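An overview of the molecular structure
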Amino acid sequence: MARILTGIQSSGEQHLGNVLGALQPAIELSRNSANESFFFIADLHSLTSLKNADERRFNTRAAAAAWLATGFDAEKNVFYRQSDLAGLVNELTWYLGCFAPYPMLANAHSFKDKSDRLSEVNAGLFYYPVLMAADILLYDADFVPVGKDQKQHLEITRDLAKAINHLCDEEILKLPEPLIREEVMTIPGTDGRKMSKSYGNVIRVFDPVKSLKKQVMSIVTDSTALEDPKDPDSCNVVKLYRLVASAEEVLEMEENYRKGGYGYGHAKKALLEILVDQFAEGRENYANWMERTDDLEDILKLGAEKARPHAELVLERLRPKLGF
Ligand code: ADP
Ligand code: TRP
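Residues numbered from 1 in each chain as written. Chains lettered and ligands numbered in written order. Predicted model: local features only at pLDDT ≥ 70, side-chain atom pairs only at ≥ 80, totals over all residues. Heavy atoms only, no water.

Brief notes about the site of ligand 1
For ligand 1, the set of nearby residues contains 15 residues, the closest of which are His 15, Arg 181, Ile 187, Ser 196 and Lys 197. Asn 18 is positioned with one of its side-chain polar atoms (N or O) 3.2 Å from an oxygen atom of ligand 1. Side-chain polar atom of Arg 181 to an oxygen atom of ligand 1: 2.8 Å apart, as the coordinates give it. Considering ligand 1 on its own, with 540 Å² of exposed area, one finds that the protein chains cover 83% of that surface. Its residues assigned to classes, the shell around ligand 1 comprises 4 nonpolar, 7 polar and 4 charged. (Near = heavy atom within 4 Å. Polar contact = N/O pair within 3.5 Å; in protein donor to acceptor, adjacent residues only side chain to side chain. Areas by Shrake-Rupley, 256 points an atom, 1.4 Å probe, with all protein chains shown as cover. Nonpolar A, V, L, I, M, F, W, Y, C, P; charged D, E, K, R; others polar.)

Overview of the site of ligand 2
In the neighbourhood of ligand 2, 14 residues make up the surrounding shell, with Gly 7, Tyr 128, Met 132, Asp 135 and Gln 150 lying closest. Tyr 128 is positioned such that a nitrogen or oxygen atom in its side chain is 2.7 Å from a nitrogen atom of ligand 2. Here a nitrogen atom of ligand 2 and a side-chain polar atom of Asp 135 are 2.7 Å apart. Its free accessible area being 370 Å², ligand 2 has 89% of it covered by the protein chains. Of the residues belonging to the shell around ligand 2, the class tally is 8 nonpolar, 5 polar and 1 charged.

Let's talk about the environment of Ala 64
One can find Ala 64 in helix H3 (residues 53-69). Residue class for Ala 64 comes out buried when judged on its relative accessible area of 0%. Residues Ala 64 and Arg 319, 255 residues apart in the sequence, show an inter-C-alpha distance of 32 Å. Ignoring sequence-local partners within four residues, the contact set of Ala 64 consists of Ile 41, Phe 79, Leu 296 and Leu 300. (Helix = DSSP H or I, 4+ residues; strand = E, 2+ residues; numbered from the N terminus. Buried < 20%, exposed > 50% of the residue type's maximum accessible area, 1.4 Å probe, protein only. Contact = heavy atoms within 4.5 Å.)

Things to note about the pairing of strand S1 (residues 2-9)
Counting buried residues along S1, 6 of its 8 residues qualify, which places the element largely inside the surrounding structure. Where S1 and strand S2 (residues 35-42) come together, 8 bridges link them in parallel fashion. Its bridge partner being in S2, Arg 3 is matched across the sheet by Glu 36. You can see the chain leave S1, run along helix H1 (residues 16-30) and come back into S2, and the turn it takes is right-handed. (Pairing = 2+ DSSP bridges. Right-handed = clockwise from strand over helix to strand, strands pointing away.)

Regarding a negative patch on the surface
On the surface, a cluster of negative charge is made up of Glu 248, Glu 249, Glu 252 and Glu 255. Residue position: Glu 255 is located in helix H11 (residues 247-259). Of the residues examined, Glu 255 reaches a relative accessible area of 46% and is grouped as partly exposed. (Patch = residues over 30% accessible without salt bridge, like charges linked within 9 Å, V, L, I, M, F, W, Y side chains within 5 Å. Salt bridge = Lys/Arg side-chain N within 4 Å of Asp/Glu carboxyl O. Lys, Arg positive; Asp, Glu negative; His and termini not counted. Charge placed at Lys NZ, Arg CZ, Asp CG, Glu CD.)

With respect to the domain arrangement of the chain
When its domains are assigned, the chain resolves into domain 1 (2-187 + 293-322) and domain 2 (197-282). Looking at the side of domain 1 facing domain 2, the largest losses of area belong to Glu 13, His 15 and Leu 16, adding up to 43% of the total buried there. Counting across the interface, domain 1 meets domain 2 through 0 salt bridges. The interface formed by domain 1 and domain 2 includes 1 residue pair in polar contact (both at pLDDT 80 or more). Only H1 and H3 provide two or more residues apiece to the side of domain 1 that touches domain 2. (Domains from an automatic or database assignment. Buried area = accessible area lost by both parts, 1.4 Å probe.)

Regarding the side chain of Lys 114
Its place among the elements puts Lys 114 in helix H6 (residues 109-117). One buried charged residue, Lys 114, forms no salt bridge at all, with the nearest opposite charge on Asp 113 at 7.1 Å. Those residues within four positions of Lys 114 in sequence are excluded, and the remaining contacts are Leu 125 and Tyr 128.

Looking at the packing of aromatic side chains
Across all of its chains, the model carries 15 aromatic pairs by this definition. Where Phe 38 meets Tyr 139, the ring centres are 5.7 Å apart and the plane angle is 50°; that geometry is what we call tilted. With Phe 38 in strand S2 and Tyr 139 in the loop between helix H7 (123-137) and strand S4 (143-146), this pair connects stretches of sequence that are 101 residues apart. Note on Tyr 139: relative accessible area 3%, which makes it buried. (Phe/Tyr/Trp six-rings, centres within 6.5 Å; stacked < 30°, edge-to-face > 60°.)

Describing the environment of Arg 317
In this structure, Arg 317 sits in helix H14 (residues 293-318). If sequence neighbours within four positions are ignored, Arg 317 has contacts with Asp 140, Ile 172 and Leu 173.

Some words on the pattern of salt bridges
Within this structure, the stated rule accounts for 21 salt bridges. Across the salt bridge formed by Arg 57 and Asp 54, the nearest N and O atoms sit 3.2 Å from each other. Taken together, the residues Arg 57 and Asp 54, both in helix H3 and 3 residues apart, mark about one turn of the helix. Grouping residues by exposure puts Arg 57 and Asp 54 together as exposed. For the salt bridge of Glu 170 with Lys 321, the shortest nitrogen-to-oxygen distance reads 2.9 Å. Taken together, the positions of Glu 170 in the loop between helix H8 (151-168) and strand S5 (177-180) and Lys 321 in the segment after H14 put the pair 151 residues apart, joining distant regions of the chain. Among the charged side chains, a network of salt bridges with common partners joins Arg 81, Asp 84, Glu 297 and Lys 301.

Here's what the structure looks like:
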């Protein structure tokens, strides 16, 4: 049985890009009965950028609700919050950090990118990949599904595991294989750039319909008049429509664009209808889970207790090898 492990940060509410780009593909893998999935909410990682405690608690609940509303089976699999095993994961983080050459972390793309962009560059941002490596190596993960942006973090994880195994002359830490979602396209946001919380251009499909409508209506279009023909290929509404509508529906919209007499308002309405419809069940489940705070808490606590013995086993293998 292959162990699949992945995490998502609790840095904001999940949007269409997260759902199509990360949640759905990972859940698809977890449905294969030959796999056992460890999915977790990386709330410790979120402290690198988010300092407000209530926001973190809310985002953690929102991330858990999004996984469950998208169809993740938390009973069959292992579903937990990173900070519930903070002692164990931080212990491994320290060991791994002592094998991480300073330039490897200093030259990592995501650290360089963040340190160029952000006004506050804390040491947690620098250490981010080491904590991520510990997340993975602590549970003997076989496969780690992630987006392209995380490729280098997986390389760092493997390098750290190899350095420790080399010292011990034995495979103490399991080398994980990345499953990079090359085929998943980058979902565009309402302004045409990559959909991202940090750009404020998101469509949150689990939001109440009224707020979803507002987000869809805010999609940026040009000023071509309603009666004029339009180019479907350069339109942000069509780009999003193509991701969720059927082939016939897309064809119909494209024809309407080319014919003229069809406005962007019509296209947005069609997109909204599909989003409302397609995520109706997910939206309802999400709202339910967000109300059931205590149940969510119980699920995550139970998940942490399922994960704990695996983590303890790995540390029991490693500690004596390091003289502890
Ligand atoms: P954000 O950019 O909104 O902060 P995250 O970096 O937290 O999103 O994304 C978590 C995962 O969701 C990423 O590793 C990536 O695989 C996926 N993801 C995020 N945005 C998109 C997008 N626009 N298109 C496809 N996948 C995305
Ligand atoms: N860094 C990942 C992201 O931003 C989240 C993450 C933390 C993760 N720990 C992980 C992903 C371990 C996979 C495995 O998307």
